[in-house]
Amino acid sequence: MPETATPPQQNGGGFKLPDFDTLKKEVIDSQIWRSMFRGGVWKDTPRDRAAHIIGNVWLHLHPVKVRPRALHWTYTWGLGGISFMLFLILTVTGVLLMFYYRPTVDLAYRDMKDLEFAVTLGVLMRNMHRWAAQAMVVFVILHMVRVFLTGAYKKPREFNWGIGVILLTLTLFLSFTGYLLPWDQLAIWAVTVGTNMAGATPFLGNEGPFGALMGMRINNDVRFTLLGGTMVGENTLIRFYVLHCVAVPLITGILLIVHFWRVRKDSFSAAPIDPAEEKVDVWPNLVGREYIAAAGCLLAIMIWSILMNAPLEIVANPNVTPNPSKAPWYFVGLQELLVYFDPWIAGVVMPNLIIVGLMAIPYIDTNPKGIGFYSLKERPFANAMFLLGVAMWFILIYIGYYCRGPNFAWFNPWESWLNQKPAMPPTWNIFGPLEGAVPFTFKMAADIVGGRLGGLEPGVVPNLMPGWLGAIVLGGMGGFLMIGPKLIQKDIPGKTANLAFIGAMAVVAVLGKIFAGLPVMQGLWLVFFAWTGFYFGFLLPQRHIRQLEWPRYLFTMFLVLNTVAVPLKMGARLAFNVKYVLTFPTISLNI
Amino acid sequence: MAAFLGGSAAATGRFFFPNVIYEPSQKFNAGPVKSYDVGVSTRWLNEQRVWIIRTDKGIYAMWARCTHLGCTPSWFDDQGRFRCPCHGSNFNQGGDVIAGPAPRPLWRAKVELAATGDLIVDKAILEDLPGKRDNPPFFISLNA
Ligand code: HEM
Ligand code: FES
């Protein structure tokens, strides 16, 4: 019989499984799908691709077409997009953590432990949240560096750069507020130090210059509002919780929308490969790449979070600080800065100057060249100063992270923390009040400079020269350095000037060695730090920005000199034990 | 209009200053004065954040809060120094700064001798000026 030859039918032969394409078509053509997603049948025409972007609330922040150059990985490196993906991961994992975390002094730490050991996948969520936060700081910084190096902040994108600076600040502020929530030793001490800096704000903090004058006390200054009390406690925890989980993410989200909208409206910076090139469709060329980057980013964070646990120290003790106590790595640079400068300078003035300075960059950099591609040559001054700033930030982080051991004493990275370090040599001031201080003699000057300071009354900090003289000397030097480079009309030949300056400093070091017994190592440091100041603070501005008109020139020089002052002061402290260059203790003015 | 906006901003700002705060009392009984030997005692560090320091002239209490940014320094007997774990300030036994970024000496707290011979410490009243801090109520003279 022929029947036997028919192949056996599945499911008794009545029903046939529809193949995938038919199924897809049925779903897409259904009324439900059609009501959710706009547009007709997908035929992959240019019109379809455009409609995919325009017709979708999430994608319509994109333009419909972009220049091919903007798609090259090596232009943006996807850094802004990855920052945003990390922000999304943080939002999702953060909301999940909120289901278990209760922000009170008694419960917060226990809830962290529960998340680690009692909640299914709790530890993964916590790890992802922690690592994504750290990655976001890295990627936002890298994104800023990329935008700078491609000149993408220049007209007409000045405003969006400014929004970006605020986003960077908010990213760091989110990290700071989130850091308190686990309520462990790391948390409470980082926040104690961080908020005490607010107490050192001039005028508004109880320990800041002129604070007492304004009637600031421990229970009515800015620090008090931040903490909701006089110490990091219950009120602080709930304040930081609300800031971290509601207020700051909301503001960040709003600014992100503005940021993206401006990226599009200002038209993306990438310079065309050839002026006549044709633009390509954003779907799928750009959006596809974005999806790949996002997926890779999520995968990387997940793998990292499976392999490594977020740290959790013992529960917070407001009376005893762990030794050494270190801020999270992205703030360790600031912590290290606090070793050299008074809190109101390092913790209030400098961060604000950095923020204002960054925002001002597009308005003071009038060089029209180098927009939309990496070009070190066409913008030598801007690039040198910006990279100096970034490098200094990471050198400070490196020192704070790898070179500081117990009691925040200096340990080289290869030295064991178990070896006791000899006690730090006493410090001294260059200019300061002479009353009550050790009288100045040539021998003492030689001893101080040669690092042989001993046998002084304990607690007496010697001032080498009177404060009024310091004010005159520093004021005069500052004034000359501010306007000098612009007054010298001709280009100073770079190589000759460098060699001459290094030679002069070497002579000073040798004279110091002969007459004051200056150790060789200190002589070398002297040459190095002085040269850094000379090159970045004088030679480069003289060669590159003296043509700027006065207001722009002065503001730029102000930022430049502030930047180079940092390594100079660091050198003075590290190599010569200088505490302050100039101090007026009665008004807490210490530089 | 401007007045309304300014007023609202000021009122919202005022909202962030709590009127009542619940923080632990600053006063405590540090036990019999006699129980302290010459030197720096860390007995109350963990609970009250105070060192009780007995010299051959008398006794005083020092608040264990670094005057830089508020960390708790550690005492090193061999070096005779307090050293701060946060930015490396060094102080001598009297609380004066030897090195590091701290701007002023450590604070001493008010001390009283109760009728029982106990030492009562009040951290709400502080002093750090040489001269003032070496006299009552920040110092109690005792014979060695
Ligand atoms: C929360 C952090 C931030 C996110 C999520 C973010 C996201 C983005 C994205 C997705 C782009 C598109 C191009 C690209 O990927 O490079 C972009 C462009 C841009 N961003 Fe950001 N950004 C952030 C922070 C910053 C910061 C800190 C700055 C600078 C201080 C900045 C300045 C700019 C500028 C000027 C553009 C336009 C670049 C061009 O047209 O080439 N952004 N941002
Ligand atoms: S808090 Fe003690 S040195 Fe900074």
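The next point concerns the overall build of chain A. Looking only at helices and strands, chain A features 21 helices and six strands. Projecting the C-alpha coordinates of chain A onto the three principal axes gives extents of approximately 125 × 65 × 50 Å. Counting the 591 residues in chain A, one finds 47% classified as buried. Of the contacts made within chain A by residues no fewer than 6 positions apart, 76% connect residues no fewer than 24 positions apart. Computing the positive centroid from 46 side-chain charges and the negative centroid from 33, chain A places the two 8 Å apart.

Okay, the domain arrangement of chain A next. In many reports, interface size means the accessible area that the parts give up when they come together. All names here are of chain A. Taken domain by domain, chain A consists of domain 1 (18–56), domain 2 (65–408) and domain 3 (429–590). Computed over C-alpha atoms only, the centres of domain 2 and domain 3 are separated by 33 Å. In total, domain 2 and domain 3 occlude about 2,200 Å² of area from one another, counting both sides; carbon and sulfur atoms represent 78% of this. Interface area lost by domain 2 to domain 3 is led by Y340, I364 and F381, which between them contribute 30%. Viewed at the interface, domain 3 and domain 2 are joined by zero salt bridges. Along the contact surface separating domain 2 from domain 3 lie five residue pairs in polar contact (both at pLDDT 80 or more). Elements represented by at least two residues in the side of domain 2 that touches domain 3 include exactly α14 (329–340), α15 (343–364) and α16 (380–402). Considering every element that reaches the side of domain 2 that touches domain 3, the biggest residue donor is α15, with nine residues.

If you look at the interface, chain A gives 47 residues, while chain B gives 38 residues. Across the interface of chain A and chain B, roughly 3,300 Å² is buried in total on both sides, 51% from carbon and sulfur atoms. For chain A, the biggest contributors to the area lost against chain B are N319, N407 and M424 of chain A; these three give 19% of the whole. A salt bridge links E207 of chain A to R65 of chain B, with the nearest nitrogen and oxygen atoms 3.8 Å apart. Across the chain A-chain B interface, the total number found is 15 residue pairs in polar contact (both at pLDDT 80 or more).

On to the environment of F15 of chain B. Residue and element names in this part refer to chain B. As for its position among the elements, F15 is in helix α1 (residues 2–15). A relative accessible area of 64% places F15 in the exposed class. When the C-alpha positions of F15 and A2 are compared, they lie 20 Å apart, and in sequence the two are 13 residues distant.

Here we take up the pattern of salt bridges. All names here are of chain A. Across all of its chains, the model carries 18 salt bridges over all chains by this definition. For D44, the salt bridge identified is with R49, shortest N-O distance 3.4 Å. Where R102 meets D111, a salt bridge forms, and the shortest distance between an N and an O atom there is 2.8 Å. The exposure class assigned to R102 is partly exposed, which follows from its relative accessible area of 42%. Salt bridges linked by common partners bring D44, R49, K65 and D281 together as one network.

Residues and elements named next belong to chain A. Packing of helix α18 (residues 467–487) against helix α20 (residues 520–544) brings their axes to within 8 Å, and their N-to-C directions diverge by 25°. By the criterion of interaxial angle, the relationship of α18 to α20 is roughly parallel. As for the relative orientation of α18 and α20, their crossing is right-handed in sense. On the side of α18, the interface is formed by F480, L481, G484 and P485, while α20 contributes F538, P541 and Q542. Among the residues making up the contact of α18 with α20, the classes are represented as five nonpolar, two polar and no charged.

Another aspect to go through is α20 of chain A. Compared with an ideal rise of 1.5 Å per residue, which puts 25 residues at 36 Å, α20 of chain A spans 34 Å between its outermost C-alpha atoms and is within 8% of the ideal. Remark: the principal bend of α20 of chain A, roughly 35°, maps to Y535 of chain A.

Time to look at helix α9 (residues 158–180) of chain A. Here α9 of chain A is 23 residues long and its end C-alpha atoms lie 34 Å apart, about the 33 Å a rise of 1.5 Å per residue gives. The buried fraction of α9 of chain A amounts to 17 of the 23 residues, a majority that puts the element mostly inside the structure.

Turning next to the sheet that holds strand β3 (residues 428–432) of chain A. Residue and element names in this part refer to chain A. In space, the four strands of this open sheet follow the order β4-β3-β5-β6, with mixed pairing throughout. Two strands in the sheet have a free side with no partner beyond their single neighbour: β4 (463–466) and β6 (589–590). Across the sheet, helix α21 (residues 550–576) is in contact with β3 and β5 (578–584); its angle to β5 comes to roughly 125°.

Right, let's talk about the sheet that holds strand β5 (residues 74–76) of chain B for a bit. Residues and elements named next belong to chain B. Spatially, four strands are ordered β5-β6-β7-β8 in an open sheet, and the strand pairing comes out antiparallel. Where the open sheet ends on each side, the last strands, each with one partner, are β5 and β8 (97–99). Direction aside, the axes of adjacent strands within the sheet are offset by 35° on average. Here three bridges tie β5 to strand β6 (residues 81–83), and the two strands are oriented antiparallel to one another. If you follow F76 over to β6, its bridge partner there is R81.

Calculation criteria
Residues numbered from 1 in each chain as written. Chains lettered and ligands numbered in written order. Predicted model: local features only at pLDDT ≥ 70, side-chain atom pairs only at ≥ 80, totals over all residues. Heavy atoms only, no water. Helix = DSSP H or I, 4+ residues; strand = E, 2+ residues; numbered from the N terminus. Buried < 20%, exposed > 50% of the residue type's maximum accessible area, 1.4 Å probe, protein only. Contact = heavy atoms within 4.5 Å. Lys, Arg positive; Asp, Glu negative; His and termini not counted. Charge placed at Lys NZ, Arg CZ, Asp CG, Glu CD. Domains from an automatic or database assignment. Buried area = accessible area lost by both parts, 1.4 Å probe. Salt bridge = Lys/Arg side-chain N within 4 Å of Asp/Glu carboxyl O. Polar contact = N/O pair within 3.5 Å; in protein donor to acceptor, adjacent residues only side chain to side chain. Axes fitted to C-alpha atoms, helices over the stretch in contact; angles between N-to-C directions. Parallel < 35°, antiparallel > 145°, perpendicular 65-115°, else oblique. Left-handed = near helix turned anticlockwise from the far one by under 90°. Nonpolar A, V, L, I, M, F, W, Y, C, P; charged D, E, K, R; others polar. Expected span 1.5 Å × (residues − 1). Bend = angle between axes of the 7 residues up to and from the residue. Pairing = 2+ DSSP bridges.

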